[in-house]
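# A look at the structure
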Amino acid sequence: MRPLLVVPALLFLGSCAVNPVTGKRELSFVSEAQEIQMGQQLLAQSQQQTGFYNDPALAQYISGIGMKMAQASERPQLPWEFHLLDDPVVNAYAAPGGFIFITRGILAYMNSEAELAGVLGHEIGHVTARHSASQMSKQQLMGAGFLIGAIAAPDLAQGIAGQAAMGFSQLLLLKYGRDDESQSDALGHKYSLAAGYDVREMSNTFITLQRVSAASGGGGPPAFLSSHPDPGDRAAATQRWADTVSSFANLTSGRDRFLDRLNGMVYGEDPRNGYMDNGRFIHPALRFQFAVPAGWQVVNQASRVVAVEPNGRGQLEFTQAPEATAQAAGTAFAGQQGLTVLSSGRTTVSGLPAFGVAFRATSGQQGQVIEGEAVFIEYNGSVWRMMGLVVPSAAQAIGGALGQSIRSFGPTAANQTFRRVRELRIVTPTGPTTATSLAAQSGGAITAQELALINSIETDQRIPAGRKIKTVRYR
Ligand SMILES: [Zn+2]
């Protein structure tokens, strides 16, 4: 695994730079080279934590649209990259330096290339107007750093600093102000228009996201909208800009070709990557399971699973160890600098050969002591690491539950049935139909409400024959 983001100390040396979009001089703590470096770090982190969706044709399609728009922007010289994340969450974000990320979750709700271009254009706008870079400057100025400093032992840093890393992407996602968002919307409109897209469709994206937010039952808006201006206002604003366009004759929606690209894309959570079921984390492909303490928040990342105690006083981390045996992995772990081994030795977990290490480590910056237990387990030709970390004041309260979880690792039952993968299907009805009717034919893969939502229609709205439409099926 890669080391996580380290903010260069150089950030404190502020300088004045000209904003590429506004042309105004502003206080900037971040040079273009530093922006690119930050972006590359977030790229590595996104790939490791979320992972990219494995469909080269779809990825290339998205990248092609993004590149065309970025190269016509105010900062064509940046090393632009566009990535499709294997994430069901409705989200898109930009990292400084020209790295744009869009989830398959948000893609499922879009209905044309013009809508996609609008979202990509908005994210490009955050980069060209240097929003995240200037946000980093402000954060540095306020002295707000990461919550938890690096821990001496590099292997442990990946555990607890992981939360700080999540904080970093949230910082990029959430801290844009209303002005930044409006400016990015305006830039998205401008880039979309320049690339020949029907800019009237941009407002539809906001209307859809607003519906997604409402349908989530007040459980919070999609990440894309968090702390962003009211999507209703944004829909109205983008519509006003579209109204100033004199002719739409040469502008394209690209509806059908966009929908064709989505055919077969995984919809919702991909159970093959593991999922929570009744307090247990289940991995169908790797055929293991383990219990998670009740109420802990589980984050299932590409290379590890993390469960965090609600007050952040402890965490459970599950990952694969590169060594060939549990003992070799345990010995290598125990030998890390900055780690005080309290005890170590062979053990078994669910009858599987294992090696346990109880230890103490000290956080680099704040000198915070952390107690931990790592158990390395041999299963199916690999070595798996279950690690519990706890702050000493909470050891009494949560140490027991943590230990039980570590020892709950084991194979899935031989007769266990797993959740099935769902995928988008683009169909062309031969006669008039409705979302209600299409959902009834989905074998329970999708509800009428959800189907209406992803198609940006109402459940009983008449869908004319011959019009391409999204539905969802079990694979
Ligand atoms: Zn934004």
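Predicted model, so just to flag it, every value in this text is computed and none were measured.

Conventions adopted
- Residues numbered from 1 in each chain as written.
- Predicted model: local features only at pLDDT ≥ 70, side-chain atom pairs only at ≥ 80, totals over all residues.
- Helix = DSSP H or I, 4+ residues; strand = E, 2+ residues; numbered from the N terminus.
- Buried ≥ 20, exposed ≤ 12 C-beta atoms within 10 Å, placed from the backbone.
- Contact = placed C-beta atoms within 7 Å.
- Axes fitted to C-alpha atoms, helices over the stretch in contact; angles between N-to-C directions.
- Parallel < 35°, antiparallel > 145°, perpendicular 65-115°, else oblique.
- Nonpolar A, V, L, I, M, F, W, Y, C, P; charged D, E, K, R; others polar.
- Pairing = 2+ DSSP bridges.
- Expected span 1.5 Å × (residues − 1).
- Arc of directions from axis to C-beta.
- Core = buried A, V, L, I, M, F, W, Y, C linked by C-beta atoms within 7 Å.
- Domains from an automatic or database assignment.
- pLDDT = per-residue confidence, 0-100.
- Left-handed = near helix turned anticlockwise from the far one by under 90°.

Quick look at the overall build of the protein now. Along its length, the protein carries 14 helices and 19 strands. Residues classed as buried in the protein amount to 43% of the 475 residues present. Restricting the contact set of the protein to residue pairs at least 6 apart, pairs at least 24 apart contribute 67%.

Turning to the packing of helix H4 (residues 113-128) against helix H8 (residues 202-215), a few remarks are in order. Between two packed helices, what matters for the description is the angle formed by their axes and the separation of those axes. Running from amino to carboxyl end, H4 crosses H8 at an angle of 85 degrees, the nearest separation of the two axes being 8 Å. When the interaxial angle is binned, H4 and H8 end up roughly perpendicular. Across from Glu-115, Gly-118 and Val-119 in H4, the residues of H8 making contact are Met-202, Asn-204 and Thr-205. When grouped by side-chain class, the residues that make up the contact of H4 with H8 number two nonpolar, three polar and one charged.

Overall, antiparallel pairing links the seven strands, which are arranged E10-E11-E12-E16-E15-E14-E13 in an open sheet. Every other strand in the sheet has two partners, leaving strand E10 (297-300) and strand E13 (339-349) as the edge strands with one partner each. Put simply, the sheet's adjacent strands are angled 15 degrees from each other on average, direction ignored. Lying on the sheet, helix H11 (residues 326-334) is in contact with strand E12 (314-321), E13, strand E14 (352-362), strand E15 (369-379) and strand E16 (382-390); it crosses E14 at an angle near 5 degrees. Sheet strands in contact with helix H12 (residues 395-407) are E12, E13, E15 and E16, and its direction is about 170 degrees off that of E16.

With that settled, the discussion passes to the sheet that holds strand E3 (residues 81-85). Strand order in the open sheet formed by three strands is E3-E5-E4, with mixed pairing between adjacent strands. Here the strands that pair on one side only, and so sit at the sheet edges, are E3 and strand E4 (92-95). If you compare each strand with its neighbour and ignore which way they point, the axes differ by 20 degrees on average. Inspection of the sheet shows E4 paired to strand E5 (residues 99-103) by four bridges, in the antiparallel sense. From the neighbouring strand, Ala-95 faces E5, where its bridge partner is Phe-99. Along the sheet face, H4 touches E3, E4 and E5 and points at about 25 degrees away from the line of E4.

Turning our attention to helix H9 (residues 231-243). Under the 1.5 Å per step criterion, the end-to-end length of H9 is 18 Å for 13 residues, consistent within 8% with the ideal 18 Å. For H9, the full list of buried residues reads Pro-231, Arg-234, Ala-235 and Thr-238. Along the axis of H9, the buried positions cluster into a sector of 100 degrees, meaning they face one direction only. Set apart from the buried face of H9 by more than 90 degrees, the exposed residues are Gly-232, Ala-236, Arg-240 and Asp-243. Contacts from the buried residues of H9 go to helix H7 (178-194) and H8.

By secondary structure assignment, the location of Val-306 is in strand E11 (residues 304-308). Exposure remark for Val-306: the 23 C-beta atoms within 10 Å place this residue in the buried category.

Our next topic: the nonpolar core. Counting 63 residues, the largest nonpolar core has Ile-102 and Leu-120 as the members making the most contacts within it. Counting residues per element, this core draws most heavily on H4, at seven residues. Mapped onto the domain boundaries, this core takes at least three residues apiece from domain 1 (9-262) and domain 3 (420-474). Those residues in contact with Ile-102 that sit more than four places away from it in its chain are Ile-62, Leu-84, Leu-85, Ala-92, Leu-107 and Val-119. Of all hydrophobic cores here, the second largest spans 36 residues; its members include Phe-281, Phe-290, Val-375 and Trp-384.

A few words on the environment of Gly-268. Within the secondary structure, Gly-268 sits in the loop between strand E6 (266-267) and strand E7 (275-277). A tally of 18 C-beta atoms within 10 Å means that Gly-268 is categorised as partly exposed. Considered as a pair, Gly-268 and Arg-422 are 154 residues apart in the sequence and their alpha carbons are 7.1 Å apart. With residues up to four places along the chain from it excluded, the contact list for Gly-268 reads Pro-88 and Arg-422.

Take the pairing of E10 next. As paired strands, E10 and E11 are joined by four bridges and run antiparallel to one another. Paired with Asn-300 across the bridge in E11 is Val-305. Where E10 folds back on E11, the antiparallel hairpin that results is connected by three residues.

The next point concerns H4. The end-to-end C-alpha distance of H4, which contains 16 residues, comes to 22 Å, matching closely the 22 Å that a straight helix rising 1.5 Å per residue would cover. Among the 16 residues in H4, 16 count as buried, and that is most of the element.

With 82% of its residues at a pLDDT of at least 70, the protein reaches an overall mean of 83. Scored below 50 in pLDDT, residues 139-174 makes 71 contacts in the model with residues more than four places away or belonging to other chains.

With six of eight residues buried, E12 lies mostly within the body of the structure. Relative to E12, E11 runs antiparallel, the two being bridged by five bridges. What sits directly across from Val-308, in E12, is Gln-315. The antiparallel pairing of E11 with E12 creates a hairpin that spans five residues between the two strands, and Gly-312 there sits at a positive phi of about 70 degrees. In this sheet, E16 lies alongside E12 in antiparallel orientation, the contact comprising eight bridges. Residue pairing for E16: Ala-321 is matched across the bridge by Val-383.

Our next topic: the packing of H7 against H9. The interhelical angle for the contact between H7 and H9, taken along N-to-C directions, is 35 degrees, at an axis separation of 10 Å. Remark: the crossing between H7 and H9 carries right-handed chirality. Contacts between H7 and H9 pair Ser-182, Asp-185, Ala-186 and His-189 from the former with Arg-234, Ala-237, Thr-238 and Trp-241 from the latter. Classifying every residue of the contact of H7 with H9 by side-chain character gives three nonpolar, three polar and two charged.

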